Amino acid sequence: MGSWAEFFQHLMNGLTLGGIYALIALGYTMVYGILKFINFAHGDILMMGSYIGLFVYNAIRGELLGFWTIIAFFLSMLVGMMFSAILGMAIEKIAYKPLRKATRLAPLLSAIGVSFILSNLAAWMWGTKSKKLEYPFDNSPIHLGDIAVTPHQIMILVVVVVMMVALKLFIDRSRLGKAMRATSLDQDTAKLMGIKVDRIIAITFAIGSALAATAGFLIALEIKVYPSMGTMTGLKAFVAAVVGGIGNISGAMVGGILLGLIETFGVALLGIPYALRDTIAFIILIIILLVKPEGLLGKAEKEKV
Amino acid sequence: MSELLSIDHISVSYGNIQALRDVSIHVREGEIVCLIGANGAGKSTLLKAIVGLEPLVSGSIAYKGEVIARNDHAFGSHNPLLRFFKNPKHAAQDTRSLRTDEIASRGIALVPEGRRVFADLTVEENLDMGAFLIDDDAFIAKKKKEMYEFFPILGMRRKQKTRSLSGGEQQMMAIARALMSAPKLLLLDEPGLGLAPLIIQDIFEKIEIINKEDNVTVFLVEQNARMALRTSDEGHVMENGRIVLSDTSEQLLENEKVKAAYLGE
């Protein structure tokens, strides 16, 4: 093996997969940055948003043709994102906020509880059988020389890039984005500036959940929608966030892309059996925790007094 | 001069330890008032109580006549059920303590102990955060310009991450950040801590200018008693969470006990 065409083929596959991980990892890392807590219900928020998006899409798609089905697709994604955003804020308010002053273990357990509740609720309401999300376009691969790229992959890359650039601009430039960074650095001092920290936390959950719903809806085209669809992808995205340096937004982006590439190339080039593909992420997790626990872009944190 | 800040008989506890016992201090508009005392006397706790970061066990704190902090438990307002069924007619008199961000919005700014700058934000972004409550962009730009003139070193380091600043520069930045919101009352927690004597002098001169020219009332807490008393109009001495002595700063500088215990004479 070793042709360039093959290499670019795997690169493309790795980048799309990594982009998805990155979108989901952002939610974990943003919440961790502010609350020092892992929202283990994140993958289930992704799943709920995907279901809602699917229902909306099936309802409005009807006899639409061509370009209009794509519009309908993105409109449905937007509804799914909004639903997840509201769901994320509601979960925070009901299940996490009252536990903010409790031990660090309490909100973590609460998150695991919420995760089970959501996936069981979905199974009860909509059944465990996976639901197919139809492509809004003809997904037969486009051949660029020897490389085959599907329109689906192109769409994923475009959406991921747009979302990441928008998020980065928001965090770096906007008043609210700066307030989010200030809050994650020092909550009490942020309050002294007049920042409503509770509102910042709610917005953080909303943004993270909306990004997760986006990722869920995009992959649903390929993997369909089912109650546990967010579990493994969510866990791997969590690994990506840790690899990049949890709490660090650029780290989540880098970690996600990297994990996608390693998984793809690990199977394709290193000959790791496909059945063991899912273990790659967790082996990387263990290695990172042993070698560089603060992650690639994370700072070694001193315990603050 | 009218009274700006009224601290009346407040107590604060950490678990079983009483950090503040029956403390009363009144600050009039336009004054510089200082609180001196040894490390661990409860000075920082008092400032935290004023800005709503420490709950009161008893007593109350009022700013411009409005109660901003009180013991919420005494009124049952900590209980969500009681709050839910509360007669709306009584709501006005049963006000809760204000949150820290609400207190900031009233015009009180604290320069916290240890400066607490947002280390990963640039100097300019830190100042933006100081002006978080202000919607007027032109006003914010004007304020920033003023700060860069007042503290030229900050203007030079505008785009630098705050963590790269020296201790003195960080202290100036923390003060500038607090001034960005154009506060009426400036609270300072040990502005001289850990700084070289010349820089301390510079900072206290700046504090006097802020007070005289911008008409900002200042309440400052300091271990460096001589510097604090020379700068202020009125002083209070705190020991073990109690106010043991209150007088004009001039008198305190002459007081034998203060001389022996805090001025090293």
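Anyway, here's the lowdown on the structure attached to this text. (Residues numbered from 1 in each chain as written. Chains lettered and ligands numbered in written order. Predicted model: local features only at pLDDT ≥ 70, side-chain atom pairs only at ≥ 80, totals over all residues. Heavy atoms only, no water.)

1. Remarks on the overall build of chain B
A count of helices and strands for chain B gives eleven helices and ten strands. Over its C-alpha trace chain B gives a radius of gyration of 19 Å, about what one expects of a compact globule, namely 18 Å for 265 residues. Overall size of chain B, expressed as C-alpha extent along the three principal axes, is 55 × 50 × 35 Å. Buried residues in chain B amount to 51% of all 265 residues. When contacts within chain B are restricted to residue pairs at least 6 apart in sequence, long-range pairs at least 24 apart make up 68% of them. Of the accessible surface of chain B, which amounts to about 12300 Å², a share of 51% is contributed by carbon and sulfur atoms. Averaged over its 32 positive side-chain charges, chain B has a centre that lies 5 Å from the centre of its 38 negative ones. (Helix = DSSP H or I, 4+ residues; strand = E, 2+ residues; numbered from the N terminus. Rg over C-alpha atoms; globule rule 2.2 N^0.38 Å. Buried < 20%, exposed > 50% of the residue type's maximum accessible area, 1.4 Å probe, protein only. Contact = heavy atoms within 4.5 Å. Areas by Shrake-Rupley, 256 points an atom, 1.4 Å probe, with all protein chains shown as cover. Lys, Arg positive; Asp, Glu negative; His and termini not counted. Charge placed at Lys NZ, Arg CZ, Asp CG, Glu CD.)

2. Thoughts on the interface of chain B and chain A
Each partner contributes residues to the interface: chain B has 24 residues there, and chain A has 18 residues. With both sides pooled, the region where chain B packs onto chain A buries about 2000 Å², and carbon together with sulfur makes up 65% of that total. At the junction of chain B and chain A, the tally comes to three salt bridges. With a closest N to O distance of 2.8 Å, lysine 178 of chain A and aspartate 128 of chain B form a salt bridge. Counting across the interface, chain B meets chain A through five residue pairs in polar contact (both at pLDDT 80 or more). Elements with a minimum of two residues in the side of chain B that touches chain A: helix H3 (100-105) and helix H4 (123-130) of chain B. With four residues, the single largest contributor to the side of chain B that touches chain A is H4 of chain B. Here the side of chain B that touches chain A is composed, by residue class, of 13 nonpolar, two polar and nine charged. (Buried area = accessible area lost by both parts, 1.4 Å probe. Salt bridge = Lys/Arg side-chain N within 4 Å of Asp/Glu carboxyl O. Polar contact = N/O pair within 3.5 Å; in protein donor to acceptor, adjacent residues only side chain to side chain. Nonpolar A, V, L, I, M, F, W, Y, C, P; charged D, E, K, R; others polar.)

3. A short note on the sheet that holds strand E9 (residues 234-239) of chain B
All names here are of chain B. An order of E6-E7-E8-E3-E9-E10 is seen for the six strands of this open sheet, with the pairing classed as mixed. If you trace the sheet from one side to the other, it starts and ends with strand E6 (108-111) and strand E10 (242-248), each paired once. Recorded for the sheet is a direction-independent mean angle of 15° between the axes of neighbouring strands. Here four bridges tie E6 to strand E7 (residues 185-189), and the two strands are oriented parallel to one another. Following the sheet pairing, alanine 109 is matched in E7 by leucine 186. Set on the sheet, helix H1 (residues 43-50) makes contact with strand E3 (32-37), E6, E7, strand E8 (217-222) and E9; between it and E8 the angle comes to about 145°. Lying on the sheet, helix H8 (residues 197-213) is in contact with E3, E7 and E8; it crosses E8 at an angle near 155°. (Pairing = 2+ DSSP bridges. Axes fitted to C-alpha atoms, helices over the stretch in contact; angles between N-to-C directions.)

4. Considering the pattern of salt bridges
Residue and element names in this part refer to chain B. Evaluated as defined, the whole model comprises 27 salt bridges over all chains. We note a salt bridge from lysine 43 to glutamate 190, for which the minimum N-O separation is 3.5 Å. In this pair, lysine 43 is assigned in helix H1 and glutamate 190 in the loop between E7 and H8, connecting sequence segments 147 residues apart. In this pair, the class of lysine 43 matches that of glutamate 190, namely buried.

5. Let's talk about a nonpolar patch on the surface
Residue and element names in this part refer to chain A. On the surface, Ile142, Leu144, Ile154, Val158 and Val162 cluster together into a nonpolar patch covering about 430 Å² of accessible area. Looking at the nonpolar patch, the elements with two or more residues in it are strand E1 (142-144) and helix H5 (151-173). The dominant element in the nonpolar patch, judged by the number of residues it contributes, is H5, at three residues. Tracing the chain through its elements places isoleucine 154 in helix H5. In this structure isoleucine 154 comes out as partly exposed when scored by relative accessible area, which is 38%. (Patch = residues over 30% accessible without salt bridge, like charges linked within 9 Å, V, L, I, M, F, W, Y side chains within 5 Å.)

6. Some remarks on the nonpolar core
Of all hydrophobic cores here, the largest spans 125 residues; its most connected members are Leu46, Ile61 and Phe219 of chain B. Broken down by element, this core gets its largest block of residues, 17 residues, from helix H8 (residues 197-223) of chain A. Every residue in contact with isoleucine 61 of chain B, bar those within four places of it in the chain, is listed here: Leu5, Ser6, Ile7, Ile10, Ala49, Ile50, Leu56, Glu66, Val67, Ile68 and Ala69 of chain B. Ile134, Ala178, Leu186 and Leu229 of chain B belong to the second-largest nonpolar core, a separate cluster that totals 45 residues. (Core = buried A, V, L, I, M, F, W, Y, C linked by side-chain atoms within 4.5 Å.)

7. Re unusual backbone geometry
Residues and elements named next belong to chain B. Of note, the phi angle at lysine 64 is positive, near 50°, even though the residue is not glycine. Following the sequence through the fold, lysine 64 ends up in the loop between strand E4 (58-63) and strand E5 (66-70). At arginine 115, a residue that is not glycine, the phi angle is positive and equals roughly 70°.

8. Some points on the environment of threonine 231 of chain B
All names here are of chain B. Among the structural elements, threonine 231 can be located in helix H9 (residues 225-231). By relative accessible area, threonine 231 is classed as buried at 6%. Spatially, the C-alpha atoms of threonine 231 and valine 218 are 10 Å apart, while their sequence positions differ by 13 residues. Ignoring sequence-local partners within four residues, the contact set of threonine 231 consists of Ile32, Phe204 and Glu208. At a separation of 2.7 Å, a polar atom in the side chain of threonine 231 contacts the main-chain carbonyl oxygen of methionine 227.

9. A closer look at the pairing of E8 of chain B
All names here are of chain B. The buried fraction of E8 is high, at six of six residues. The two faces of E8 match: Thr217, Phe219 and Val221 on one face and Val218, Leu220 and Glu222 on the other face are all buried. As defined by bridge partners, E3 adjoins E8 across five bridges and the pair is classed as parallel. Counted as the bridge partner of cysteine 34 is leucine 220 from E8. Strand direction decides the pairing type here: E7 and E8, joined by five bridges, are parallel. Across the sheet, the residue bridging to leucine 185 is threonine 217, located in E8.

10. Focus on helix H5 (residues 137-150) of chain B
All names here are of chain B. Here H5 spans 20 Å end to end across 14 residues, near enough to the 20 Å set by a 1.5 Å rise per residue. Among the residues of H5, Ile140, Lys143, Lys144, Met147 and Tyr148 are the ones counted as buried. Viewed along the axis of H5, the buried residues span an arc of 135°, placing them on a single side of the element. With respect to the buried face of H5, the exposed residues turned more than 90 degrees away are Ala138, Lys145 and Glu149. Residues of H5 that are buried make contact with H4, helix H6 (152-156) and helix H7 (167-179). Two or three places before alanine 138, at the start of H5, stands the capping residue aspartate 136, its side-chain oxygen 3.1 Å from that residue's backbone nitrogen. (Expected span 1.5 Å × (residues − 1). Arc of directions from axis to C-beta.)

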